[in-house]
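# Descriptive analysis of the structure
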Amino acid sequence: MRTYSWTQVPMPSMAAGERTNTFDEVALGYSYQLAKEEAERCLQCKHPACEEGCPNHNPIRDFIRLVREDRILEAAELDLLQNAIPSCTGRVCAWEKQCEGACPMTIKGDNIKIGAIERFISDHALAHMDELHLERWPRPSRAQKVAVVGAGPAGMAVGHFLSRDGYDVTIFDSWIMPGGVMAYGIPEYVLPNEVILREANRLTRQGVKFEMGVTVGKDITLADLKKQGYEAIFIGIGANKATMSAVPGEDLKGVITAKDFLMRVTADVMNQYPSRQKPDTIDVGQRVIVVGAGNTAMDAARSAIRLGAREVKIVYRRTESESPSRPIEIHHAKDEGVEFEYLVNPVRFVGDETGRVTHVELQRMRLGAPDKSGRPRPEPIPGSEFLMPIDTAILAIGYSPERDLTDKVEGLQLDKWGSVVVNPETGATSIEGMFAGGDVVTGANTVVHAVAAGRKSAGAIRRYLEERARALA
Ligand SMILES: Cc1cc2nc3c(=O)[nH]c(=O)nc-3n(C[C@H](O)[C@H](O)[C@H](O)COP(=O)(O)OP(=O)(O)OC[C@H]3O[C@@H](n4cnc5c(N)ncnc54)[C@H](O)[C@@H]3O)c2cc1C
């Protein structure tokens, strides 16, 4: 009779004291031995709840079984049948709320560390790419061309699945490297750009072409793409328009959106590659507040610490229980010295005569009845306002889709937030041959949801192109 350990094999990580001067990756990943030891704990459930809990329904039970049998590359190949960028999801998913949260081991002990195992097998596969049996995958060569706008996780997933079906896929993106927000938003110490580039290289080997530095709608139009023979188009441009706080003083110097801040930090860290020491090009001063408590807020706060700020405070109008961030990010932020001030909301930023922010006025809140999201609604407490001195305020409040491209597409149905309206089963938009998925459809969401949307759309695009080829034959 097999005996199972109820205790998780911990993943090694850099000590908190060593991290704050470098942008090196914090979580260090399992070794072969540790991955195998953790895989041995898996119950191999008949009906794997973890796979149900995963928004992309990755074949978790079976890849863990293959790890137990020392068949690491096969485990990775199996995962790649369902997941387009496993070394990324293996680093950034909210496992606690998804696959790992559904693991029945939690009834008596610790869940299986699925994310860490997925990270191990996919990193192993990327390090041994020549041994991956890419040629085993069915790849009938199909002449039909597909254009993908946006090289984020949704676009990369479309590229992955359609190239495996043999289609000629080109991904266009305004940014200099693939990955979307994973590349320019999520910091190096959570998801190194090197990892994303390795996944992109694998896609290139599968036949996907990347056209970086090309803004569709400006450098080339969708009509041009059609004229160039692209028979289907996928829109995966994300939701990258930062929401402002709408409180007086947000235009002062020193008040910045998290997106602008993180993009700047990423660019500066990339510029001094291979060194990952703190760049000395951005001065956030000593006292920084970050408004919001999602993943973006944690990343901004942890980056401000790495830039040398002495006091970094997350201010959030609800409490930690309602925070949308991944628990591991909150844990790392606390370890690194980020402070949290809950149940407060900025009502005004105050500046000096040079137009630079010096203080934020905060108002205390209390939780009321649940709102539409089901979370308790924060309500202001009259007369509770107080001033806090600051050098920089970073706004990490929310994102909506940019409309520069989509507004110009005649007949494309958008909702009131500018999200593209699609058939949820196929990603088909109101225009024939045009599909969309990821954050541009759902609003700001997660990497694995974008991958799942890309996978679904790739299937629908394949069916669409097959029908079209039959009709034209
Ligand atoms: C700071 C931050 C931290 C996050 N942390 C996590 C996390 O820990 N875990 C997690 O799961 N999720 C996290 N997310 C969310 C996650 O990154 C997104 O949900 C995901 O990247 C969305 O994927 P997407 O492909 O829909 O769009 P995006 O990743 O936004 O990619 C869209 C791409 O389209 C390109 N583009 C836009 N317009 C055009 C155009 N007209 N022409 C050409 N290209 C264009 C953009 O340059 C971009 O590269 C985080 C988000 C942020 C901002």
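No experiment lies behind these values; they were computed from the predicted model shown. (Residues numbered from 1 in each chain as written. Predicted model: local features only at pLDDT ≥ 70, side-chain atom pairs only at ≥ 80, totals over all residues. Heavy atoms only, no water.)

Next up on the list: the pattern of salt bridges. For the structure shown, the criterion picks out 34 salt bridges. Arg71 is paired through a salt bridge with Glu74; the nearest N and O atoms lie 2.9 Å apart. Residue Arg71 is classed as partly exposed on the basis of its relative accessible area of 33%. The exposure class assigned to Glu74 is partly exposed, which follows from its relative accessible area of 34%. The closest approach of N and O atoms between Glu194 and Arg198, which form a salt bridge, is 3.4 Å. Of this pair, Glu194 and Arg198 both sit in helix α10 (residues 193-205), 4 residues apart, roughly one helical turn. What makes Glu194 partly exposed here is its relative accessible area of 34%. When salt bridges that share partners are traced, they join Arg19, Arg302, Arg306, Arg326, Glu329, Asp335 and Glu336 into one network. (Salt bridge = Lys/Arg side-chain N within 4 Å of Asp/Glu carboxyl O. Buried < 20%, exposed > 50% of the residue type's maximum accessible area, 1.4 Å probe, protein only. Helix = DSSP H or I, 4+ residues; strand = E, 2+ residues; numbered from the N terminus.)

Next up on the list: the site of the ligand. Val92, Asp173, Val181, Val216 and Asp439 are the nearest of the 33 residues found near the ligand. Between the ligand and the protein, one listed contact pairs an oxygen atom with a backbone N or O atom of Pro153 at 3.3 Å. Here the ligand has 1,000 Å² of accessible area as a free molecule, and 92% of this is covered by the chains. Elements represented by at least two residues in the shell around the ligand include exactly α8 (153-164), β2 (168-173), α9 (181-184), α13 (295-306) and α16 (447-472). When residues of the shell around the ligand are assigned to their parent elements, the largest contribution, 3 residues, is made by α13. (Near = heavy atom within 4 Å. Polar contact = N/O pair within 3.5 Å; in protein donor to acceptor, adjacent residues only side chain to side chain. Areas by Shrake-Rupley, 256 points an atom, 1.4 Å probe, with all protein chains shown as cover.)

This part is about the packing of aromatic side chains. Under the criterion given, the structure shown has 7 aromatic pairs. An angle of 80° between the planes, with centres 6.0 Å apart, marks the rings of Phe172 and Tyr230 as edge-to-face. Placement of the pair is Phe172 in strand β2 and Tyr230 in strand β4 (residues 230-235), with a sequence separation of 58 residues. For the pair Tyr316 and Tyr342, a centre-to-centre distance of 6.5 Å together with 75° between the ring planes defines the contact as edge-to-face. In this pair, Tyr316 sits in strand β8 (residues 311-316) while Tyr342 sits in strand β9 (residues 339-342), placing the two residues 26 residues apart along the sequence. The buried category is assigned to Tyr316, whose relative accessible area is 7%. (Phe/Tyr/Trp six-rings, centres within 6.5 Å; stacked < 30°, edge-to-face > 60°.)

This brings us to the domain arrangement of the protein. Taken domain by domain, the protein consists of domain 1 (16-134), domain 2 (140-240 + 400-472) and domain 3 (244-397). If you average the C-alpha positions of domain 1 and of domain 2, the two centres end up 26 Å apart. Across the boundary between the two partners, domain 1 contributes 26 residues, which contact 28 residues of domain 2. Carbon and sulfur atoms supply 70% of the area that domain 1 and domain 2 bury against each other, a total of about 2,400 Å² over both sides. On the domain 1 side of the contact with domain 2, Ala84, Ile85 and Leu126 bury the most area, a combined 22% of that side's loss. Counting the contacts that link domain 1 with domain 2 gives 1 salt bridge. With its nearest N and O atoms 2.8 Å apart, the salt bridge here joins Asp130 to Arg205. Summed over the shared surface of domain 1 and domain 2, the result is 8 residue pairs in polar contact (both at pLDDT 80 or more). Broken down by class, the residue content of the side of domain 1 that touches domain 2 amounts to 16 nonpolar, 6 polar and 4 charged. (Domains from an automatic or database assignment. Contact = heavy atoms within 4.5 Å. Buried area = accessible area lost by both parts, 1.4 Å probe. Nonpolar A, V, L, I, M, F, W, Y, C, P; charged D, E, K, R; others polar.)

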